[in-house]
Amino acid sequence: MLPALHAAGIGISRAVLGGSHSVAIYPPINSLTPLDSRRVIDTIEWGEEASLYVHIAFCETRCTFCHYTVDHYAGRAKHSIEDDAKVARYLTALKRELAFWGARLARSGTVVSSVYIGGGTPLVLDESALRELIRAIRSEYDLRSGAEFCIEGSPLTITAPEGEHKLQSLKAQGVTRLSFGVQSFDDEVLKYAARGYQRETPIRACAIANRIFENWNLDLIQGLYKGSTSEVWGNLEAIAEIRPPHLTWYHGRFGDRPQGHWYRTETKRAEFEDEFTTLLGRMLIWQEMAALGYDQTDGNRFVRSHEFTDPFKRIRTTAASDLLGLGAGAYSHGGVKVAKANCLGHVFRNDPNIPTYVDAVLTGNIPIATGRAVDEEELLAASYATGLRIGRIENESLRSLRSAHPQLSRYYDALVDQLNNAGALEAYLDDRGQAGLRLSALGKLFEDEALSLFFSPAVKSELARRTTSERKLQLA
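Residues numbered from 1 in each chain as written. Predicted model: local features only at pLDDT ≥ 70, side-chain atom pairs only at ≥ 80, totals over all residues. Heavy atoms only, no water.

Peer 1: Sorry if this is basic, but what is going on with the overall build of the protein chain here?
Peer 2: The helix and strand tally for the protein chain stands at 20 helices and 18 strands. On C-alpha atoms alone, the protein chain measures out to a radius of gyration of 22 Å, which is about the 23 Å that the 2.2 N^0.38 rule sets for 476 residues. Seen along its three principal axes, the alpha-carbon backbone of the protein chain occupies a region of about 60 × 55 × 55 Å. Restricting the contact set of the protein chain to residue pairs at least 6 apart, pairs at least 24 apart contribute 75%. Positive and negative side-chain charges of the protein chain, numbering 54 and 59 respectively, have mean locations separated by a distance of 3 Å. (Helix = DSSP H or I, 4+ residues; strand = E, 2+ residues; numbered from the N terminus. Rg over C-alpha atoms; globule rule 2.2 N^0.38 Å. Contact = heavy atoms within 4.5 Å. Lys, Arg positive; Asp, Glu negative; His and termini not counted. Charge placed at Lys NZ, Arg CZ, Asp CG, Glu CD.)

Peer 1: Sorry, what's going on with the packing of helix 15 (residues 376-385) against helix 17 (residues 406-421) here?
Peer 2: To characterise two packed helices, one gives the angle between the axes of the helices and the distance between these axes. Following both chains from N to C, one finds helix 15 and helix 17 inclined at 15°, their axes separated by 11 Å at the closest point. Here helix 15 lies roughly parallel to helix 17, going by the angle between them. Between helix 15 and helix 17 lies a crossing of right-handed hand. Here E377, L380, A381 and Y384 of helix 15 come into contact with helix 17, specifically with L408, S409, Y412 and V416. The residue inventory of the contact of helix 15 with helix 17, partitioned by class, reads six nonpolar, one polar and one charged. (Axes fitted to C-alpha atoms, helices over the stretch in contact; angles between N-to-C directions. Parallel < 35°, antiparallel > 145°, perpendicular 65-115°, else oblique. Left-handed = near helix turned anticlockwise from the far one by under 90°. Nonpolar A, V, L, I, M, F, W, Y, C, P; charged D, E, K, R; others polar.)

Peer 1: Quick question: what am I supposed to make of the pairing of strand 7 (residues 177-183) here?
Peer 2: Strand residues, when the strand is regular, have side chains that alternate between the two faces of the sheet. Of all seven residues making up strand 7, seven are buried, and the element is well covered by its neighbours. Judged by which residues are buried, strand 7 turns out to be covered on both faces: R177, S179, G181 and Q183 on one side and L178, F180 and V182 on the other are all buried. Both strand 6 (residues 143-153) and strand 7 contribute to a ladder of four bridges, which runs parallel. Across the sheet, G153 pairs through a bridge with F180, a residue of strand 7. Here strand 7 pairs with strand 8 (residues 216-222) via five bridges, running parallel. Bridging from a neighbouring strand, F180 pairs with L218 of strand 8. (Buried < 20%, exposed > 50% of the residue type's maximum accessible area, 1.4 Å probe, protein only. Pairing = 2+ DSSP bridges.)

Peer 1: Before we go on, may I ask you to explain the sheet that holds strand 17 (residues 425-429) in this structure?
Peer 2: Across a sheet, paired strands are connected by hydrogen bonds in the backbone, their directions being either parallel or antiparallel. An order of 16-18-17 is seen for the three strands of this open sheet, with the pairing classed as antiparallel. Two strands bound the open sheet, and with one partner strand each, they are strand 16 (392-393) and strand 17. Across five bridges, strand 17 lies against strand 18 (residues 435-439) in antiparallel orientation. Across the sheet, residue L425 finds its bridge partner in strand 18, namely L439. Across the sheet, helix 17 is in contact with strand 17 and strand 18; its angle to strand 17 comes to roughly 100°.

Peer 1: Explain the pairing of strand 18 here, please?
Peer 2: Here two bridges tie strand 16 to strand 18, and the two strands are oriented antiparallel to one another. By the bridge assignment for strand 18, R392 is matched with L437. With antiparallel pairing between neighbouring strands as the criterion, strand 17 and strand 18 make up a hairpin whose turn holds five residues, including G433 at a positive phi of roughly 85°.

Peer 1: How should helix 17 be read in this particular structure?
Peer 2: Because each turn of an α-helix spans 3.6 residues, side chains separated by three or four positions end up pointing in the same direction. Between its first and last C-alpha, helix 17 extends 22 Å over 16 residues, near the 22 Å set by a 1.5 Å rise per residue. Among the residues of helix 17, those classed as buried are L408, S409, Y412, L415, V416 and L419. The buried residues of helix 17 occupy one face: seen down the axis, they fall within an arc of 125°. Exposed side of helix 17, more than 90 degrees from the buried face: Q407, R410 and N421 are the residues found there. (Expected span 1.5 Å × (residues − 1). Arc of directions from axis to C-beta.)

Peer 1: Looking at this structure, how should I read the environment of K86?
Peer 2: With respect to the helices and strands, K86 occurs in helix 3 (residues 81-107). Linking K86 and P355, residues 269 residues apart in sequence, is a C-alpha distance of 8.9 Å. With residues near it in sequence (within four places) discarded, K86 still touches F58, D71 and H72.

Peer 1: How should the packing of aromatic side chains be read in this particular structure?
Peer 2: The relation between two aromatic rings is expressed through the spacing of the ring centres and the mutual angle of the planes. A complete count under the given rule lists 20 aromatic pairs for this structure. Ring geometry for F180 versus W216: centroids 5.8 Å apart, planes at 10°, classification stacked. Separated by 36 residues along the polypeptide, F180 in strand 7 and W216 in strand 8 bring together distant segments of the chain. Taking the relative accessible area as the measure of exposure, W216 reaches 0% and is therefore buried. Pairing Y412 with F454 gives two aromatic rings, centres 6.1 Å apart and planes at 15°, and the pair type is stacked. Here F454 lies in the loop between helix 19 (447-452) and helix 20 (457-475) and Y412 lies in helix 17, a separation of 42 residues in the sequence. Both residues of the pair, Y412 and F454, count as buried. Site record: aromatic cluster; members linked through ring pairs are Y192, Y225, F254, W262, Y263 and F272. (Phe/Tyr/Trp six-rings, centres within 6.5 Å; stacked < 30°, edge-to-face > 60°.)

Everything listed here is a matter of geometry and, on its own, says nothing about what the molecule does.
Now the structure itself:
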């Protein structure tokens, strides 16, 4: 079975996919190129609804695997006046950016359907800073009644002396959901991930979260450090006791961080689990999560009940829904539903360099650094790269796109045939009896690797160019 999958281009990968640990967004961030930010702003036509993502670029620890835009900050009680000033300056810039985009969304009559404050670790901020941030969001944006409002924390910030009080305060201000990463309950894995705690801390954090929030998510990462089926079993035993409403169980992927350097070192790489062990662990996770009564919403996510399904993840993965991301390194997509000369909107990203982002905003400039036009070819690619995760129905719009781009359609037809023959895809009928295509159970074992095969030729070319340029710089 594995040889057939390998021949189709599918195999477990430890590398980040287009700049992310999963096919979480499309087009991927590493395919974005420098652009004229003013032209993007002037051409986007926001729809009736948008989701808002706000990035807090600070963490109390600097994990050895994390490739996100973050800086180290453990809170006001533990850092210098200079560090506190750095954080305050970032929050000032963030509020200015909130006001800038709030005015534009107000002019278009756009209602915000969900808010996600992520990072980083937003909960590392003190209570007054969090309160001011939420007040700014509510002041600058028209939030839909009943909108989900999620914030990220961490085991350390939740179990800190003021952690429980912060969470109670956030809930009182309308935050409806909490999400935090434990990554593993194995002490050795936590040590080499530089998480700053042992397993007792996340267990206490889960108990606190459960007392305050009905809906909360826990993140784990399979194979974060070396990996083994015994670690998977240990994590499953912890989950059986904790029973979080929502669980996201990622696969370990390593970028330009210590974990990636270790994995690429020949003498250390042999200590990491091989493909067969990874697949065995993934099947154990699926089997035991089902035995615990969880429903699997995709290859990585499990819910105790479907009321706990995370709507933001679906919005983030498809450019067909408007997403406004604010803060250093934040990603947005907007205006995709408006067709103008084969440009259906844009995806764009703020500068990921934190000081550069802050300086740009505070000097009255726009912090957008890179982006990509979403044309018809990219919209067709997205229908596969993100649609096959939960099911791709070829509606009239997609049939029209295929007819307009016969060469690209043949390219995807060949990919579909290849993955079908390998058993990675399956036909299905949706609730209304419409025929569709989705990843099979076998395909979901390689979910993100399979989806990344459907990146457009243009995106693949840009990713290859960027990889080549980065290697040349490393060798220089």
